[in-house]
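Survey of secondary and tertiary structure
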Amino acid sequence: MTDGIESLLPPAVAIILALLTRRVLFPLAIGIFVGTWLLASNEDVGVASTLIQSSKQFFFTIDQSVRDWDHLHVLAFTLLLGGMVGVLESAGSMARMISGWTRRVSTRRGGQTLIGFTGLLIFFDDYANTLLVGGTMRTTAERYGISRAKLAYLVDSTAAPVAGLTLVSTWVATELSYLQTGLTDAGIEATNMTFSVFLHSLPYRFYPLLALWFVFVIARSGKDFGPMWEEENAASRKPIHPSRWTSSTSWRDTFAAVMPIVICLIVISGVLIWTGLQTPIEGEMSTWQTFGHVIGNGNSYLALVAGGAAGLIVAGTLAMLLSKVSWELVAMGTAQGMFQMLPAMAVLWLAWGLSSLTATEQLNTGGYLASILDTRLPVEWLPTCVFLLAAFIAFSTGTSWGTMAILTPLSVALSVNLQEAALAASDTVAMAGFQSTTTASLAMSPICLATFSSVLAGAIFGDHCSPLSDTTVLSSRACDCNHVLHVRTQMPYALVVGVTCILFGTLPASWGISPWISLLVSAAVLWLIVRVLGKPPQTAAP
């Protein structure tokens, strides 16, 4: 084991190579090899022996990272949910349901609001969100004089934020896995805490929450500013041809599209409660405390797999019974949906390997960072610094998943270690409004919750600003919008939300201010910005 400056090399090499190559798989693999080389070189043997030893350790690390039972549950859930998305896409029920809704709209504001609402509905996967909403809403945008740039913004700014927030999505299992790794690296072995920490962190996810709020502020106000106003001004001069609504969809399409998601949620909730009730409740607890205890002690990984399997089975059954899709097409859709998840699973697999090498019993990267930062970086600045670092990496590489893979375990472990160092150096226990000194309880402190949330929030923020982002490119393609134009018009909105998140979100949260207060103040500030800076497009003469 080593805990010197060399322990920073594996994640540093992965980050630098990711920035240079704008890829994540190769940098993660190189980072793992650097870590195994460092561990092998500690044995003070020759270069050849070190190379052989590190190569063996490299493959052993990768192999062990996927043999972990919890990791296998994560991979299984990712495949199952990907298969469910593939079935919904191949059956076409989701697309027909959305298309039918568009005929209810009669104004530009209504059209923008519907696009944003539809983005919230497709919450289980950001890729599916982008493709379904972007592809089905182009006609609506044209009908009501909404520019393609605005359509791409509405689609892109709801896809990743809602997928990163909801409890049933292709993101949640990955987030839980990285979080658990970070808690383990910090010396917290209570794996049942993972889901509880995840739930408590949701209000601290300032950027995705406020990005969604800003979408509806823009949509309902009918105002824009910057390059987006120019595009909307030009698009509004086109004739608007509202059509009387007639249903182009049926209850069959709606039922076939919604029921798999509902069943998935019900099964996940049921398994969480059933497994959580196996843990005895000690002492007096309020209703909410009891609920939190049950959910927090539930087997989240088993619940996700059961929910994913139930959702896939229901989706396939309804596709054949109601949408009249053949079983061959259902099987093909399942396979295609699972295949689309393979790149994300590969990133996850290698990220587990890198995280295992930076753990306490290996290179102890988190412990070393805490030892050099405890007097140099006030712990209250950690969430903001992590947010900015995650945004920079995601902007430079174009991948929020890769950013989370590299930063989440380190950031979570570092937040706990820095708090322990700060408490050890203080005679009183009064930090960020949190009163407990145990390592496990520090994971529930505002600083740890805000730091964990800042990785995801910063990654999505950088992703929204990056021309290299896969979801940004996909949004441009799905909405038939010029890619450079999409980036140029979306970036000012993302920057406004990002700066607001720092000033009224991550900084106050680090000092113990309630995240709900921060969210309310930030929402009011964003509304005021649109009211002051925004202006409606000029209306063409009839």
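Scroll up to find the structure this text is about.
Quick summary incoming for the structure in this document. These numbers come from a predicted model, not from an experiment. (Residues numbered from 1 in each chain as written. Predicted model: local features only at pLDDT ≥ 70, side-chain atom pairs only at ≥ 80, totals over all residues. Heavy atoms only, no water.)

Considering the arrangement of structural elements, one finds Thr-451 in helix α23 (residues 446–465). Owing to a relative accessible area of 0%, Thr-451 belongs among the buried residues under this scheme. Separated by 39 residues in sequence, Thr-451 and Val-412 place their C-alpha atoms 6.7 Å apart. (Helix = DSSP H or I, 4+ residues; strand = E, 2+ residues; numbered from the N terminus. Buried < 20%, exposed > 50% of the residue type's maximum accessible area, 1.4 Å probe, protein only.)

All right, on to the packing of aromatic side chains then. If you walk through the whole model with that rule in mind, you get nine aromatic pairs. Note on Phe-33 and Trp-37: the rings are 6.4 Å apart at their centroids and 40 degrees apart in plane angle, and the pair reads as tilted. With Phe-33 and Trp-37 both in helix α2 (residues 25–41) and four residues apart, the pair spans about one turn of that helix. Given a relative accessible area of 28%, Phe-33 falls into the partly exposed group. Residues Phe-214 and Tyr-493 carry aromatic rings whose centres are separated by 5.6 Å and whose planes lie at 85 degrees to one another, so their mutual orientation is edge-to-face. Of the two residues, Phe-214 is situated in helix α12 (residues 206–221) and Tyr-493 in helix α25 (residues 483–510); the sequence distance between them amounts to 279 residues. (Phe/Tyr/Trp six-rings, centres within 6.5 Å; stacked < 30°, edge-to-face > 60°.)

One non-glycine residue with positive phi stands out, namely Lys-324, at about 55 degrees. Looking at the element boundaries, Lys-324 is found in the loop between α16 (300–321) and α17 (327–340). For Lys-324, a relative accessible area of 65% corresponds to the exposed category.

Turning our attention to the pattern of salt bridges. For the structure shown, the criterion picks out four salt bridges. The residue Arg-108 makes a salt bridge to Glu-232 at a minimum N-O spacing of 2.4 Å. One end of the pair, Arg-108, is in helix α6 (residues 108–121); the other, Glu-232, is in helix α13 (residues 227–236), with 124 residues separating them in the sequence. On the accessibility criterion, Glu-232 (1% relative accessible area) is buried. Between Arg-205 and Glu-175 there is a salt bridge, and its shortest N-O distance comes to 2.6 Å. Of the two residues, Arg-205 is situated in the loop between α11 (193–201) and α12 and Glu-175 in helix α10 (residues 172–185); the sequence distance between them amounts to 30 residues. Look at the salt bridges and you will find they share partners, linking Arg-108, Lys-150, Asp-224 and Glu-232 into a network. (Salt bridge = Lys/Arg side-chain N within 4 Å of Asp/Glu carboxyl O.)

Limitation: the analysis is restricted to geometry and does not speak to function.
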